[in-house]
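Fold and contact review
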Amino acid sequence: MSVRVRIAPSPTGNLHIGTARTALFNWLFARHHGGQFLLRIEDTDIERSKPEYVENILSGLQWLGLQWDEGPFFQTQRLHLYQAGIQKLLAKGLAYRSYETPEELEQLREAQRAQGLPPRYDNRHRHLTPEEEAKFIAEGRQPVIRFKIDDDREIRWQDMVRGEVVWQGKDLGGDMVIARASGQPLYNFVVVMDDIDMGITHVIRGEDHIGNTPKQILLYEALGAPVPKFGHTPLILNQQGAKLSKRDGATSVDEYRMMGYLPEAFNNYMLLLGWSPPDTRELYTLEEAIPVFDFDRINKAGARFDLDKLNWINSQYLHQKETKELLPLVLPFWQAAGYSIDQEGDREWLMAILDLIKPSMTVLKDAVGLASYFFTDLPDYKEAAKEILQQPQTKTVLQKAKEILETTPRLAAEQAKATIDGLGKELGLKKGAVMKPLRCALTGDVHGPDLLISLALLHQKHKALPRLHYALHL
RNA sequence: GCCCCCAUCGUCUAGAGGCCUAGGACACAUCCCUUUCACGGAUGCGACACGGGUUCGAAUCCCGUUGGGGGUACCA
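Residues numbered from 1 in each chain as written. Chains lettered and ligands numbered in written order. Predicted model: local features only at pLDDT ≥ 70, side-chain atom pairs only at ≥ 80, totals over all residues. Heavy atoms only, no water.

Comments concerning the overall build of chain A
To keep it simple, the criterion reads: Runs of H or I in DSSP of at least four residues are treated as helices and runs of E of at least two as strands, each being numbered from the N terminus. Radius of gyration means the value over C-alpha atoms here, while the globule rule gives 2.2 Å times the residue count to the 0.38 power. Relative accessibility thresholds used throughout: buried, under 20% of the residue-type maximum; exposed, over 50%; partly exposed, between the two (1.4 Å probe, protein chains only). We score Asp and Glu as negative and Lys and Arg as positive, and we do not count His or the chain ends. The atom standing in for a charge is NZ when the residue is Lys, CZ when it is Arg, CG when it is Asp and CD when it is Glu.
For chain A, the helix and strand inventory stands at 21 helices and 12 strands. For 474 residues, the compact-globule formula gives about 23 Å, and the C-alpha radius of gyration of chain A, at 32 Å, lies well above that figure. Buried residues in chain A amount to 49% of all 474 residues. Side-chain charges in chain A split into 57 positive and 63 negative, and the spacing between the mean points of these groups amounts to 3 Å.

Observations regarding the packing of helix 17 (residues 392-406) against helix 18 (residues 413-427)
As a reminder of what qualifies: The angle between two axes is taken between their N-to-C directions and runs from 0 to 180 degrees, where each axis is a line fitted to C-alpha atoms and a helix contributes only its stretch in contact. Orientation labels follow simple angle bins: below 35 degrees gives roughly parallel, above 145 gives roughly antiparallel, 65 to 115 gives roughly perpendicular, and whatever is left gives oblique. By convention, the crossing between two helices is left-handed when the near helix turns anticlockwise from the far helix through less than a right angle, and right-handed when the turn is clockwise. The contact definition used throughout considers only heavy atoms, calling two residues in contact when any of these lie within 4.5 Å. Under the scheme applied, nonpolar residues are Ala, Val, Leu, Ile, Met, Phe, Trp, Tyr, Cys and Pro; charged residues are Asp, Glu, Lys and Arg; polar residues are all the others, including Gly.
Helix 18 packs onto helix 17 with a crossing angle of 135° between their chain directions and a minimal axis gap of 11 Å. One finds that helix 17 runs oblique with respect to helix 18. In the packing of helix 17 onto helix 18, the handedness of the crossing is right-handed. On the side of helix 17, the interface is formed by Thr396, Val397, Lys400, Ala401 and Ile404, while helix 18 contributes Thr419, Leu423, Glu426 and Leu427. Tallied by class, the residues present in the contact of helix 17 with helix 18 amount to five nonpolar, two polar and two charged.

Focus on the pairing of strand 9 (residues 202-206)
Heads up, the rule is: Any two strands are treated as partners once DSSP identifies two or more bridges connecting them. We call a crossover right-handed when, viewed with both strands directed away from the observer, the connection leading from the first strand over the helix to the second proceeds clockwise.
Burial within strand 9 is extensive, with five of its five residues counted as buried. Bridge count between strand 9 and strand 10 (residues 229-233): five bridges; the pairing is parallel. Following the sheet pairing, glycine 206 is matched in strand 10 by threonine 233. Handedness of the crossover joining strand 9 and strand 10 through helix 7 (residues 212-222): right-handed.

Observations concerning the side chain of arginine 126
The condition that has to hold: The term polar contact refers here to a pair of N or O atoms within 3.5 Å; inside protein, the definition further demands a hydrogen-donor-capable atom paired with an acceptor-capable atom, and it admits residues adjacent in sequence only when both atoms are side-chain atoms.
With respect to the element layout, arginine 126 can be found in the loop between helix 4 (102-114) and helix 5 (130-138). The exposure class of arginine 126 is buried, given its relative accessible area of 17%. A polar contact of 3.4 Å, which involves the side chain of arginine 126, links it to the side chain of aspartate 150. Residue contacts for arginine 126: discarding those within four places in its chain leaves Tyr96, Lys148, Ile149, Asp150 and Asp175.

Here we look at the sheet that holds strand 3 (residues 70-74)
Ordered in space as 1-2-3, the three strands form an open sheet in which the pairing is parallel. On the outer flanks of this sheet lie strand 1 (4-7) and strand 3, each paired with one strand and no other. Neighbour-to-neighbour, the strand axes of the sheet open up by a mean angle of 25°, direction not taken into account. With four bridges joining them, strand 1 and strand 2 (residues 36-41) adopt parallel strand pairing. Along strand 2, the bridge assignment pairs valine 5 with phenylalanine 37. Sheet contacts for helix 1 (residues 17-32): strand 1 and strand 2; angle to strand 1, the most-contacted strand, approximately 165°. The sheet strands contacting helix 2 (residues 51-64) are strand 1, strand 2 and strand 3, and the helix crosses strand 2 at an angle near 160°.

Focus on the protein's contact with RNA strand B
We apply this condition: Note on definitions. A residue lies near a molecule or strand when any single heavy atom of the residue is within 4 Å of it.
The environment of RNA strand B is formed by 57 residues, the closest being Asp45, Arg162, Arg180, Glu282 and Gly448. The share of sugar and phosphate among atoms of RNA strand B within 4 Å of the protein is 74%. Here a sugar or linking oxygen of RNA strand B sits 2.8 Å away from a polar atom, N or O, in the main chain of glycine 116. Arginine 162 is positioned such that a nitrogen or oxygen atom in its side chain is 2.7 Å from a sugar or linking oxygen of RNA strand B. When residues of the surface near RNA strand B are traced back to their parent elements, those giving at least two are helix 4, strand 12 (303-304), helix 11 (307-320) and helix 19 (431-443). Here the element with the most residues in the surface near RNA strand B is helix 11; it accounts for four residues. Taken together, the residues of the surface near RNA strand B break down into 22 nonpolar, 14 polar and 21 charged.

Let's talk about the domain arrangement of chain A
A common measure of how large an interface is: the accessible area buried when the components associate. Which entries qualify depends on this criterion: Residue ranges for the domains trace back to a domain assignment, done automatically or taken from a database.
Split into domains, chain A comes out as domain 1 (4-69 + 192-236), domain 2 (81-179), domain 3 (246-319), domain 4 (323-365) and domain 5 (383-472). The C-alpha centroid of domain 5 is placed 59 Å from the C-alpha centroid of domain 1.

Quick look at the pattern of salt bridges
How we decide: A side-chain nitrogen of Lys or Arg and a carboxyl oxygen of Asp or Glu constitute a salt bridge if their distance falls within 4 Å.
For the structure shown, the criterion picks out 38 salt bridges. Among the ionic pairs, arginine 48 bridges to aspartate 45, the shortest N-O distance being 2.8 Å. Overall, arginine 48 belongs to the exposed group, its relative accessible area being 51%. With its nearest N and O atoms 3.5 Å apart, the salt bridge here joins glutamate 106 to arginine 113. When its relative accessible area of 35% is taken as the criterion, glutamate 106 is described as partly exposed. Taking relative accessible area as the criterion, arginine 113 reaches 48% and is therefore assigned partly exposed. A cluster of three or more residues bridged by salt bridges with shared partners is formed by Arg6, Arg40, Glu42, Arg78, Asp194, Asp195 and Asp197.

Structural notes on the pairing of strand 6 (residues 154-159)
The two faces of strand 6 differ: Ile155, Trp157 and Asp159 on one face are buried, but Glu154, Arg156 and Gln158 on the other face are not. Sheet analysis places strand 6 next to strand 7 (residues 163-168), joined by six bridges and oriented antiparallel. Note on strand 7: the bridge partner recorded for arginine 156 is valine 166. In this antiparallel pair of consecutive strands, strand 6 and strand 7, the connection spans three residues.

Topic: the packing of aromatic side chains
Pairs of aromatic rings are described using the distance from one ring centre to the other and the angle between the two planes. Using the following cut-off: Two aromatic rings from Phe, Tyr or Trp, using only the six-membered ring of Trp, form a pair when their centres are within 6.5 Å; if the ring planes differ by under 30 degrees the pair is stacked, by over 60 it is edge-to-face, and anything between is tilted. Two conditions define a charge sitting above a ring: the NZ of Lys or the CZ of Arg must be within 6 Å of the ring centre, and it must be within 35 degrees of the ring normal.
If you walk through the whole model with that rule in mind, you get 17 aromatic pairs. Pairing phenylalanine 25 with phenylalanine 293 gives two aromatic rings, centres 5.4 Å apart and planes at 40°, and the pair type is tilted. Pair noted here: phenylalanine 25 is in helix 1 and phenylalanine 293 is in the loop between helix 10 (286-292) and strand 12, with a separation of 268 residues, a long-range link. Each member of the pair, phenylalanine 25 together with phenylalanine 293, is buried. Where tryptophan 157 meets phenylalanine 230, the ring centres are 6.4 Å apart and the plane angle is 65°; that geometry is what we call edge-to-face. Highlighted residues: tryptophan 157 in strand 6 and phenylalanine 230 in strand 10, separated in sequence by 73 residues. Phenylalanine 230 shares its class with tryptophan 157; the two are buried. Aromatic rings pair up to connect Phe25, Phe29, Trp275, Tyr284, Phe293 and Phe295 into one cluster. We note arginine 281 situated over the ring of tyrosine 284; from NZ or CZ to the ring centre the distance is 4.3 Å.

This is the structure we're talking about:
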């Protein structure tokens with residue numbers, strides 16, 4: 001039987017890192033086994049689901065390159081299927097109508113809490129007489145549908161990551177609601193209906209779903225369907241070791257995209273969170289991971305999200321990237337920063353800048369700060385740079401450099417080196433004594449990318465002389 | 001509270017009873033390269049939560065303790 005897996009996000013927020021990682025594992029598992037990866041949008045919670053989140057999830061998965069083979073399916077368009085399932089369970093006597101009010105349930109839980117007991121439904125409406133039921137209906141009560149869960153049942157399954165997991169029926173909280181009073185079917189039920197209907201063979205999801213699994217296994221049995229394999233992956237945790245939440249800074253894929261992380265780096269990092277490669281190699285593209293990915297190497301403990309490691313991986317991919325491929329990725333960030341750029345005319349010049357700053361970049365957005373002095377008329381002079389520019393020797397160097405540039409309209413990087421070396425010799429100064437003032441005058445900072453290349457590039461755009469002039473009169 | 005899961009350097013992890021003096025990566029420190037900052041290279045720092053077993057031998061198996069996490073809805 002061919003492998004069929006799915007990712008089933010609910011559109012109640014932007015594509016979350018945890019969802020993305022689950023998607024990645026499912027995608028890799030499907031590709032590894034030559035199976036299918038489906039996308040299903042779980043939008044049964046109509047109050048919290050929003051179309052913009054659907055859009056965000058779809059575009060996020062696409063950005064990551066986790067293309068789905070079927071879908072997206074929307075649960076709100078499949079309500080007839082769930083209705084039929086509910087009728088079937090009702091007819092078989094495996095589910096029933098339950099009439100308690102939210103207040104009554106709250107009272108029950110309150111009483112249980114007071115006695116130190118676990119909160120659970122006491123199955124009080126499981127065996128209502130027709131008279132009792134008629135009375136509730138006459139009161140105008142709208143029933144929920146509950147699925148019967150026997151306390152003495154024992155549920156066990158072989159989890160793909162955790163091995164055998166055993167659950168007692170009595171710990172499942174009593175007969176479970178599968179449809180609201182409004183008729184809206186609920187998560188645990190629709191998941192099972194859909195997974196059966198879509199022929200899902202392996203349910204790979206986060207560990208936070210582990211408690212849902214025994215309930216769902218019971219539903220598979222009740223519906224007379226084969227139970228798929230389950231694999232519960234460890235959770236991604238925050239710096240404190242708790243489940244990632246909105247309060248933990250950037251938790252959506254979108255935010256990382258906007259900060260300038262590359263999808264290949266992001267995938268690579270998520271892959272390493274909970275899965276370990278068979279050897280010491282850590283850099284894997286999606287395609288490279290397909291043949292080596294398997295569940296034997298999935299870890300059981302949760303993993304903290306570590307920005308340092310993500311940054312390192314991202315910088316590796318960035319540095320490896322051909323400059324001509326990097327340029328279109330960087331351009332939007334430069335443009336957003338307000339730099340005026342002639343994409344066509346300046347192409348060579350821009351590529352040279354990018355070549356220069358590429359080794360210093362960790363995220364795409366870094367290109368904004370690193371290249372800023374190329375795009376402004378005058379750089380933003382830092383305090384430390386101003387101090388250097390005040391030193392007496394500085395004037396001599398800058399004056400000399402100015403004279404040379406005035407007679408040299410165009411300067412290649414190699415020429416710049418010879419010129420500056422000559423300048424130092426002529427003045428009897430060490431390299432540092434020449435470079436430092438020059439750097440400060442040209443870039444406004446005491447350190448940065450290669451100065452001679454910067455000089456050549458600035459001079460090409462007639463930005464070097466005005467800066468020397470400005471610095472001389474500071 | 002109750003149920004479930006988990007436990008190796010600060011972080012991600014390797015480790016299937018002797019290959020472990022516990023390996024790798026990030027981070028950090030030092031040095032080299034270098035006009036500077038990065039990049040790159042080298043070196044260093046640094047962990048088997050604790051207590052009992054089992055065994056000739058335990059990071060690895062068992063039990064307990066502690067710690068952490070998840071769940072406990074007419075959310076997903």
